Amino acid sequence: MRANPEARPIAGGSDLLGWIKEDVQGTGEPRWNLLVDIRTIPGSDEIRFDEADGLTLGPLATLDAIEHSPEVQDRYPVLSRAAGAAASPNIRHVGTIGGNINQRPRCWYLRNTEFDCYKKGGNFCFAVTGKNEYHAILNGELCYIVHPSDAAPALMALHADATIRTADGEQTMPFDEYFIGPRQDVLRENVLQQGDLLTRIHMPTPSPNAGMSFIKAQRRGETYDFAVVNVATVIVHEGDQIEDASIVLSGVAPTPFRAVAAEDALRGQTVSDGLLQQAAGAALLRARPMTENAYKVGISKNLIVRSVREAMA
Amino acid sequence: MAEDPTDGGREREISRRDFVKRAGATTAAVALVGVGLPGVIRGAAFPHMAESGVIMPDPGLCIGCLSCEVACSDVHREIGLSEVPRIRIYFDESVQVKPAIVESYGDRGSFMQAPCVQCPDAPCLPVCPVDAVRVEPTTGARIINESTCIACGKCEDACIFPTIDEARATGEERFGQRSRITYDETRNVYAKCDLCYFRPEGPACIEQCPVNIRINEGIIQSDVLCLDLAPGDRATFERMREQQAVPAGGEAPA
């Protein structure tokens, strides 16, 4: 795969096959003509929990298996719910966690081969002047995609690490550094280069005082859809006293967006309506909505407030 | 045949004196012409520096998309130079957004572009102890030679155009910018706008600005570009000095 830029690994294939069928290609995005099935790698779909070591996931563990794993449900409810919020039951049975966090964005200009946008190696973002109802309100620069994953914000909220295999060997990094924005490289959404593989996901055992919440706002309420905004929240608290907060949103920025300003505003404070409003406001302070997506600012703020309340309930 | 070292020495001496004399005369002539024909011979008051182009922004057309920042980083990274963006975009409520932009982009907020002004008498140039800041001959850009820069920071201090408080920058990344010359801690060098002298197409920011593209396509009606290449004359400098004055107060926008 390393030698052939037209080769891609395939596991569940739920994103990749759509990409191939839509024939998405451009100067920076070759047409893929070789798929390497990686499902046969032993142990790549493991879900292993150890009280001392935390949770280890093989990247090929399916979303369904993660959602229904008793340990994940018990100790990492935010991850179980995020996995269960993605797509439809059929897709969750074949779709893997690795595929979910590495899936390509849903921007309709990117997915349409007629538009030679930055992400395909072109030199224009059509969303800036076009239809941008579902595009980024934060950290958009050059390209305004939003990160589509439901699982990624949960992993980041749980301070998970990614282990990747590259030409130079194995490397482990927090998911906060795994996703990269258009400024680093507009052609990809994460650190993986051609031929690199995500090989392991690991997260520590959460504090016994941690409360968690995952909320997804989607356009089509009761059925399956990509998130307009979702938020994964982990709050370590003693009663009303917040010790630590980890809040990550997807659907608002080109990478999963850690609401650092909100986390800082909450840490060490006693929860109150005023505090939550202030924290949510701080998180969205730098929002730069486009012509049609300012509605996401309000949704994001409300979801942050709701998710912190829910995590502390 | 052996040369007479004394002769050679005298010859050199004469030619140096001659050169100094001639240079003085040229300076005087250029200065005179400069006074007589303002705007024709640019940079006349500073004949030791070639004229330069300048990235001339129109804040009223900026939509804060950061395409210029990212394009700048990209093209410099590609040729192995510091990827610190040489132009930055800041939130600035005092900027009046033009109607053509409001029509196309709605109420996106108002922004101020902060490029290098390529001052006619660039104060960043003489302060460099290792002559790493120099004038690039084809574009006239005042550029920093990264291979000789010793990162002393004198040019950054000498720059007379401070930037707005970085808390008001629209991008997430922080570079500790104070003026139009920025320290790149990953490479331990300073970086500034070099007008993309290595690109035959000209500055990447001007080329990739989506507002510029839309203006050129006639979709947005405007006589001026969001980012344009203006002649680096006194008039431009004075205009830029007025435009690029840092607004009072450094509060982040609410």
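Figured I'd write up the structure that's included with this text. What you are looking at is a predicted structure, and each value in this text was computed from that prediction instead of being measured.

1. With respect to the overall build of chain B
Step number 1: Within chain B, the regular secondary structure consists of seven helices and eight strands.
Step number 2: Counting only contacts in chain B whose residues sit at least 6 apart along the sequence, the fraction spanning at least 24 positions is 69%.
Step number 3: Only carbon and sulfur atoms are counted for the fraction: they give 55% of the accessible area of chain B, which is about 12700 Å².

2. Observations regarding the interface of chain B and chain A
Step number 1: Contacts between the two partners involve 32 residues from chain B and, on the opposite side, 19 residues from chain A.
Step number 2: Between chain B and chain A, roughly 2200 Å² of surface is buried when both sides are summed, and carbon and sulfur atoms account for 50% of that area.
Step number 3: On the chain B side of the contact with chain A, V70, R108 and E172 of chain B bury the most area, a combined 26% of that side's loss.
Step number 4: Counting across the interface, chain B meets chain A through two salt bridges.
Step number 5: Across the pair E69 of chain B and R183 of chain A runs a salt bridge, and its minimum N-O distance is 2.4 Å.
Step number 6: Where chain B packs against chain A, one counts 11 residue pairs in polar contact (both at pLDDT 80 or more).
Step number 7: For the side of chain B that touches chain A, the secondary-structure elements that each account for two or more residues are α2 (67-78), α3 (99-105) and α6 (210-216) of chain B.
Step number 8: Take the side of chain B that touches chain A: its biggest share by element is six residues, from α2 of chain B.
Step number 9: For the side of chain B that touches chain A, the per-class residue count stands at 16 nonpolar, eight polar and eight charged.

3. So, the sheet that holds strand β3 (residues 47-50) of chain A
Residues and elements named next belong to chain A.
Step number 1: Taken together, the five strands give an open sheet; going across it, the order is β3-β4-β7-β5-β6, and neighbouring strands pair in antiparallel fashion. The two strands at the open ends of the sheet, each matched to only one other strand, are β3 and β6 (169-174). Geometrically, the sheet is characterised by an average inter-axis angle of 20 degrees between neighbouring strands, direction not taken into account.
Step number 2: Both strand β4 (residues 54-57) and strand β7 (residues 197-203) contribute to a ladder of three bridges, which runs antiparallel. The partner of L55 across the bridge, within β7, is M203.

4. A word on the side chain of T182 of chain B
Residue and element names in this part refer to chain B.
Step number 1: Position of T182 among the secondary structure elements: in strand β6 (residues 182-184).
Step number 2: Side-chain polar atoms of T182 contact the side chain of Q177, separated by 2.7 Å.
Step number 3: The residues contacting T182, other than those within four sequence positions of it, are V84, F175, Q177, V189, Y190 and A191.

5. Digging into unusual backbone geometry
All names here are of chain A.
Step number 1: A positive phi angle, near 60 degrees, is found at N139, a position not held by glycine.
Step number 2: In this model, L142 sits at a positive phi of 75 degrees, which is unusual for a non-glycine residue.
Step number 3: On the secondary structure map, L142 appears in the loop between α7 (126-129) and α8 (151-157).

6. Here's the deal with the packing of aromatic side chains
Residue and element names in this part refer to chain A.
Step number 1: In the structure shown here, the tally under the stated rule is 14 aromatic pairs over all chains.
Step number 2: Look at F115 and F126: their rings are 5.0 Å apart centre to centre, the planes differ by 65 degrees, and that puts the pair in the edge-to-face class. Pair noted here: F115 is in the loop between α6 (97-102) and α7 and F126 is in helix α7, with a separation of 11 residues, a long-range link.

7. With respect to a nonpolar patch on the surface
Residues and elements named next belong to chain A.
Step number 1: Nonpolar side chains collect at one region of the surface, where L17, I20 and L35 lie side by side and expose about 210 Å² of accessible area between them.
Step number 2: On the secondary structure map, I20 appears in helix α1 (residues 16-21).
Step number 3: Given a relative accessible area of 32%, I20 falls into the partly exposed group.

8. Some details on the pattern of salt bridges
Working definition: two side chains of opposite charge can pair if their charged atoms are close together.
Step number 1: Overall, the coordinates contain 43 salt bridges over all chains when judged by the stated rule.
Step number 2: A salt bridge links E263 of chain A to R258 of chain A; the nearest nitrogen and oxygen atoms lie 2.8 Å apart.
Step number 3: Using a relative accessible area of 4% as the deciding quantity, one classes E263 of chain A as buried.
Step number 4: As a salt-bridge pair, E93 of chain B and R168 of chain B come within 3.4 Å of each other at their nearest N and O atoms. Linking E93 of chain B in the loop between β2 (88-91) and α3 with R168 of chain B in the loop between α4 (154-158) and β6, this pair joins segments that are 75 residues apart in sequence.
Step number 5: For E93 of chain B, a relative accessible area of 53% puts it in the exposed group.
Step number 6: Since its relative accessible area comes to 4%, R168 of chain B is described here as buried.

9. Considerations on the layout of surface pockets
Step number 1: Counted as a void, the second largest pocket has a volume near 660 Å³.
Step number 2: Around the second largest pocket sit 25 residues that line it, and N139, T255 and F257 of chain A together with E172 and E173 of chain B are the ones nearest its centre.
Step number 3: Broken down by secondary-structure element, the contributors of at least two residues to the lining of the second largest pocket are α9 (175-178), β11 (257-258), α10 (260-266) and α11 (273-283) of chain A.
Step number 4: Residue composition of the lining of the second largest pocket, by class: 13 nonpolar, four polar and eight charged.
Step number 5: Looking at which domains feed residues into the lining of the second largest pocket, each of domain 2 (47-102 + 147-203) and domain 3 (210-312) of chain A gives three or more.

10. A short note on the packing of α11 of chain A against helix α12 (residues 295-312) of chain A
Residues and elements named next belong to chain A.
Step number 1: Running from N to C, α11 and α12 point in directions that differ by 135 degrees, and their axes come no closer than 9 Å. By the angle between their directions, the pair α11 and α12 is classed as oblique. α11 and α12 meet at a crossing whose hand is right-handed. Counting all contacts with α11, which are made through D273, L276, Q277, A280, G281 and A283, the residues of α12 involved are K301, I304, V305, V308 and R309.
Step number 2: Among the residues forming the contact of α11 with α12, the class breakdown is six nonpolar, two polar and three charged.

Criteria and cut-off values
- Residues numbered from 1 in each chain as written.
- Chains lettered and ligands numbered in written order.
- Predicted model: local features only at pLDDT ≥ 70, side-chain atom pairs only at ≥ 80, totals over all residues.
- Heavy atoms only, no water.
- Helix = DSSP H or I, 4+ residues; strand = E, 2+ residues; numbered from the N terminus.
- Contact = heavy atoms within 4.5 Å.
- Areas by Shrake-Rupley, 256 points an atom, 1.4 Å probe, with all protein chains shown as cover.
- Buried area = accessible area lost by both parts, 1.4 Å probe.
- Salt bridge = Lys/Arg side-chain N within 4 Å of Asp/Glu carboxyl O.
- Polar contact = N/O pair within 3.5 Å; in protein donor to acceptor, adjacent residues only side chain to side chain.
- Nonpolar A, V, L, I, M, F, W, Y, C, P; charged D, E, K, R; others polar.
- Pairing = 2+ DSSP bridges.
- Axes fitted to C-alpha atoms, helices over the stretch in contact; angles between N-to-C directions.
- Phe/Tyr/Trp six-rings, centres within 6.5 Å; stacked < 30°, edge-to-face > 60°.
- Patch = residues over 30% accessible without salt bridge, like charges linked within 9 Å, V, L, I, M, F, W, Y side chains within 5 Å.
- Buried < 20%, exposed > 50% of the residue type's maximum accessible area, 1.4 Å probe, protein only.
- 1 Å grid on protein atoms, 1.4 Å probe; cavity = no way out; pocket = protein on both sides within 12 Å on 5 of 7 lines; lining within 4 Å.
- Points joined across faces, edges and corners; volume = space filled by probe spheres on them.
- Domains from an automatic or database assignment.
- Parallel < 35°, antiparallel > 145°, perpendicular 65-115°, else oblique.
- Left-handed = near helix turned anticlockwise from the far one by under 90°.

As far as function goes, none of this settles anything; it's purely spatial.
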